[in-house]
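Chains, contacts and geometry: an overview
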Amino acid sequence: MSKKLKIGLPKGSLQESTFELFKKAGWAIKANSRSYYPAVDDPELEIMLIRAQEMARYVESEVLDCGLTGIDWVMESGAKVKKVADLVYAKQGLRKVRWILAVPEDSNIKSVKALKGKRIATELVKVTEKYLKTNKVKAKVEFSWGATEAKPPELADAIVELTETGSSLRANKLKIIDTVLESNTVVIANQACQKDTWKNDKLNNIILLLKGALVAETKVGLKMNVIKSRLRNILKLLPALQTPTISELSNSAWVDVDTVVDEQIVRTLIPKLKSAGAKGIIEYPLNKVID
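Residues numbered from 1 in each chain as written. Predicted model: local features only at pLDDT ≥ 70, side-chain atom pairs only at ≥ 80, totals over all residues. Heavy atoms only, no water.

Points about the overall build of the protein chain
Scanning the protein chain for helices and strands turns up nine helices and 16 strands. For the protein chain, the C-alpha radius of gyration of 24 Å lies well beyond 19 Å, the compact-globule estimate for 291 residues. Its C-alpha atoms give the protein chain principal-axis dimensions of about 80 × 60 × 35 Å. Every one of the 291 residues in the protein chain was classed for burial, and the buried ones make up 44%. Summed over its atoms, the accessible surface of the protein chain is roughly 16200 Å², and 49% of this surface lies on carbon and sulfur atoms. (Helix = DSSP H or I, 4+ residues; strand = E, 2+ residues; numbered from the N terminus. Rg over C-alpha atoms; globule rule 2.2 N^0.38 Å. Buried < 20%, exposed > 50% of the residue type's maximum accessible area, 1.4 Å probe, protein only. Areas by Shrake-Rupley, 256 points an atom, 1.4 Å probe, with all protein chains shown as cover.)

Quick look at the side chain of Lys-202
Counting through the fold element by element, Lys-202 comes out in helix α7 (residues 197–216). Classification of Lys-202 as buried rests on a relative accessible area of 13%. When residues no more than four places from it in sequence are discounted, the contact partners of Lys-202 are Leu-5, Asp-42, Glu-44 and Leu-45. (Contact = heavy atoms within 4.5 Å.)

Focus on the sheet that holds strand β11 (residues 174–183)
Ordered by their spatial adjacency, five strands build an open sheet running β9-β8-β10-β7-β11, and the pairing between neighbours is mixed. The two strands at the open ends of the sheet, each matched to only one other strand, are β9 (140–143) and β11. Taken over all neighbouring pairs, the strand axes of this sheet differ in orientation by 25° on average, direction set aside. Bridge analysis of strand β8 (residues 119–122) against strand β10 (residues 158–163) gives three bridges, and the strand direction is parallel. If you follow Ala-121 over to β10, its bridge partner there is Ile-159. Each of β7 (97–104), β8, β9, β10 and β11 touches helix α4 (residues 125–134); the most contacted strand, β9, lies at about 170° to it. (Pairing = 2+ DSSP bridges. Axes fitted to C-alpha atoms, helices over the stretch in contact; angles between N-to-C directions.)

Here we look at the nonpolar core
Ile-7, Leu-9, Phe-22, Leu-68 and Leu-203 are the most contacted members of the largest nonpolar core, which has 28 residues in total. Of all the elements in the fold, those that place two or more residues in this core are β1 (5–11), α1 (15–25), β4 (45–51), β5 (66–70), β6 (82–87), β12 (185–189) and α7. With six residues, the top contributor of residues to this core is α7. Beyond its immediate stretch of four places on either side in the chain, Phe-22 contacts Ile-7, Leu-9, Trp-27, Ile-29, Leu-68, Ile-206 and Leu-210. Counting 20 residues, the second largest nonpolar core, distinct from the first, contains Leu-101, Val-112, Ile-120 and Val-125. (Core = buried A, V, L, I, M, F, W, Y, C linked by side-chain atoms within 4.5 Å.)

Comments concerning the packing of α1 against α7
Packing of α1 against α7 brings their axes to within 8 Å, and their N-to-C directions diverge by 100°. The pairing of α1 with α7 is recorded here as roughly perpendicular in orientation. Where α1 abuts α7, its residues Leu-21, Phe-22, Lys-24 and Ala-25 lie against Ile-206, Leu-209, Leu-210, Ala-213, Leu-214 and Ala-216. A breakdown of the residues in the contact of α1 with α7 according to their chemical character gives nine nonpolar, no polar and one charged. (Parallel < 35°, antiparallel > 145°, perpendicular 65-115°, else oblique. Nonpolar A, V, L, I, M, F, W, Y, C, P; charged D, E, K, R; others polar.)

Concerning unusual backbone geometry
What you tend to see is this: most non-glycine residues have negative phi, and most peptide bonds are trans. The omega torsion across Pro-152 and Pro-153 is 0°, close enough to zero to call that bond cis. Mapping Pro-153 onto the fold places it in the loop between β9 and β10. Positive phi outside glycine occurs at Lys-136, with the angle close to 55°. Within the element layout of this structure, Lys-136 appears in the loop between α4 and β9. For Lys-173, which is not glycine, the phi torsion reads 55° and is therefore positive.

Considering the pattern of salt bridges
Throughout the structure, instances matching the rule amount to 12 salt bridges. Between Lys-202 and Asp-42 there is a salt bridge, and its shortest N-O distance comes to 2.8 Å. Pair noted here: Lys-202 is in helix α7 and Asp-42 is in the loop between β3 (39–40) and β4, with a separation of 160 residues, a long-range link. Each of Asp-42, Glu-44 and Lys-202 takes part in a single network of salt bridges with overlapping partners. (Salt bridge = Lys/Arg side-chain N within 4 Å of Asp/Glu carboxyl O.)

This is the structure in structure tokens:
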């Protein structure tokens, strides 16, 4: 019987971006809307879709060997699992998300200190209670089953809610008065997984490729032909990860230059390269960048 690594992936808002990340890392995952057990083109992997809020306890209890979830939900669960890697991506981009303390725009509450004796609605109850304790504030924290932004002012004086862009808060006329926690996706594993050499190696290889795929999200490759007399000027323009690769061409007066750069600078870099004498400039996407 072949060995398998049982890995949990987040069902819900992070599912699509997680599947896309695994695709860039080299794994094709397919799931139908009613199945919690997606198919994957790797016989050594067994995937289960789990809500991020529950992931840590299933990893702790060894139903799963490992999983991807938010560090916020690991903290909220109190589960004894090991964080083995940070993967900074979210539903809408490669960034961390925030749990923020918010109140209505017309509220007189200006800081956490003003919440003494007030009601706070949130899904992140234990983390919020710890935050209040740190700030020496006694307030009532109530679990919210959803639509938390709609609860102030009638059902709550304040909320602690997850935000990535802030658009939902603005739409509900709420203002942020503090950040309770910054969170990002993490890979967690239980002790048994880490002690099993095969599973631990398999997981570390997956993490290596996932991280490489994340780095590649913000990079592109550039190729160009450069006459040797202008090579030095071209190299001065290239902020490469390492030293650009320079290869001889059939025409001995020219070389091929190949490098990797941040995608955000390409629109200003290519015209400069063209002006400096580069020819046949090709920009190409990357799947993984492994340092």
